[in-house]
Amino acid sequence: MIADVLSDAAGRMDRAVEAAKDDFATVRTGRANPQLFQKIHVDYYGTPTPLAQLASLNNPEARTLIVTPYDKSALKAIEDAIRNTPNLGANPTNDGNIVRVTLPELTEERRKEFVKLVRSKGEDAKVHVRGIRRKAKDDLDALKSDVGEDDLVRGEKELDALTRAHVDEIDEALKRKEAELLEV
């Protein structure tokens, strides 16, 4: 029973760490990256639709991204969605077939803002992992009458080690993203 609680917590913590890494990838660095556009939703016939479902994304140059829509009638909506995305600073141009997005060079001040944003996202992810730990600890406490106290203490120690490992993994990903952002 303790193993079930721990494996469930480990799976949920793994998903939280992956979500944090995906979230870090959406913060822009000096290069254009298709993952920056992962969370952009386009108003497609009145329905918010992820950009990746409406178009293919190509990265021909370091700071340029080409968005080729599957449906040419969505060009204007895609262009507007990219232009209105906060923290991107991109100015898309539409030539009738594709949308070309050129990302401006990042200033030092903008890089520091992005570092703050990434740290905030990292802290949110760590809070989520700790919330999973708290829920698992409550589940372990509920098993108190079914298992021995020694097993319960051992399970809590394993849970703490699991939590520490996942928080460290988030910190490591955060450190890599900060270095990437501050690299000129």
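Check the entry above for the structure.
In this text, all values refer to a predicted model and were calculated from it rather than measured experimentally. (Residues numbered from 1 in each chain as written. Predicted model: local features only at pLDDT ≥ 70, side-chain atom pairs only at ≥ 80, totals over all residues. Heavy atoms only, no water.)

Novice: If you had to explain the overall build of the protein chain to someone new, which residues and values would you point to?
Specialist: The helix and strand inventory of the protein chain stands at 5 helices and 6 strands. For the protein chain, the sequential pattern of α-helices and β-strands runs α-β-β-α-β-β-α-β-β-α-α. Rg of the C-alpha trace for the protein chain: 21 Å, well past the compact-globule value of 16 Å for 184 residues, more than 25% over. The buried share of the protein chain, taken over its 184 residues, is 38%. (Helix = DSSP H or I, 4+ residues; strand = E, 2+ residues; numbered from the N terminus. Rg over C-alpha atoms; globule rule 2.2 N^0.38 Å. Buried < 20%, exposed > 50% of the residue type's maximum accessible area, 1.4 Å probe, protein only.)

Novice: Can you lay out the environment of R63 for me, pointing to particular residues and giving the numbers?
Specialist: Note that R63 resides in the loop between β3 (55–61) and β4 (64–69). A residue is classified by how much of its surface remains accessible, and R63, at 30% relative accessible area, is partly exposed. Between the alpha carbons of R63 and V101 there is a distance of 8.3 Å; along the sequence they are 38 residues apart. At 2.8 Å, the side chain of R63 forms a polar contact with the backbone oxygen of L103. (Polar contact = N/O pair within 3.5 Å; in protein donor to acceptor, adjacent residues only side chain to side chain.)

Novice: Provide a residue-level description of the pairing of strand β5 (residues 91–94), including the pertinent values.
Specialist: Judged from the 4 bridges that link them, β5 and strand β6 (residues 99–102) form a sheet pairing that is antiparallel. Paired with N91 across the bridge in β6 is T102. The loop that links β5 with its antiparallel partner β6 comprises 4 residues; one of these, G96, has a positive phi angle of about 100°. (Pairing = 2+ DSSP bridges.)

Novice: Summarise the side chain of E178; cite the residues concerned and give the values.
Specialist: Counting through the fold element by element, E178 comes out in helix α5 (residues 149–182). If we ignore the near neighbours within four places in the chain, the residues touching E178 are V115 and R119. (Contact = heavy atoms within 4.5 Å.)

Novice: Give me the sheet that holds β5: which residues, what numbers.
Specialist: A sheet is described by the order of its strands in space; here 4 strands give the open sequence β3-β4-β6-β5, paired in antiparallel fashion. On the outer flanks of this sheet lie β3 and β5, each paired with one strand and no other. Sheet twist, expressed as the average angle between the axes of neighbouring strands with direction ignored, equals 25°. Where helix α3 (residues 75–83) meets the sheet, it contacts β3, β4, β5 and β6, and its direction lies at approximately 170° from that of β5. (Axes fitted to C-alpha atoms, helices over the stretch in contact; angles between N-to-C directions.)

Novice: Break down unusual backbone geometry for me, with residues and values.
Specialist: You will see that Y45, though not glycine, has its phi angle at about 55°, which is positive. Mapped onto the elements, Y45 comes out in the loop between β1 (41–44) and β2 (47–50).

Novice: Please set out the environment of T26 residue by residue, giving values where relevant.
Specialist: Structurally, the position occupied by T26 is in the loop between α1 (2–25) and β1. Taking C-alpha positions, T26 is 4.3 Å from L36, a pair spaced 10 residues apart along the chain.

Novice: So, the pattern of salt bridges: which residues are in play, and what are the values?
Specialist: Under the defined criterion, the tally for this structure stands at 19 salt bridges. Here D80 and R83 are joined by a salt bridge, their closest N and O atoms 3.7 Å apart. Note that D80 and R83 are positioned in helix α3 at a spacing of 3 residues, about one turn of the helix. When its relative accessible area of 30% is taken as the criterion, D80 is described as partly exposed. The exposure class of R83 is partly exposed, given its relative accessible area of 35%. Across the pair K135 and D139 runs a salt bridge, and its minimum N-O distance is 3.2 Å. Pair noted here: K135 and D139 are both in helix α4 (residues 108–142), with a separation of 4 residues, about one helical turn. The class of D139 is partly exposed, set by a relative accessible area of 27%. Connected through salt bridges with shared partners, the residues K76, E79, D80 and R83 form a single ionic network. (Salt bridge = Lys/Arg side-chain N within 4 Å of Asp/Glu carboxyl O.)

Novice: Explain the nonpolar core to me, using residue names and the numbers behind them.
Specialist: Within the largest apolar cluster, 20 residues are counted, with the highest numbers of intra-cluster contacts made by F37, L51, V67, I78, I82, L88 and V101. Only α2 (51–54), β4, α3 and β6 provide two or more residues apiece to this core. No other element matches α3, which puts 4 residues into this core. With 19 residues, the next largest nonpolar core counts M13, L140, V147 and V167 among its residues. (Core = buried A, V, L, I, M, F, W, Y, C linked by side-chain atoms within 4.5 Å.)

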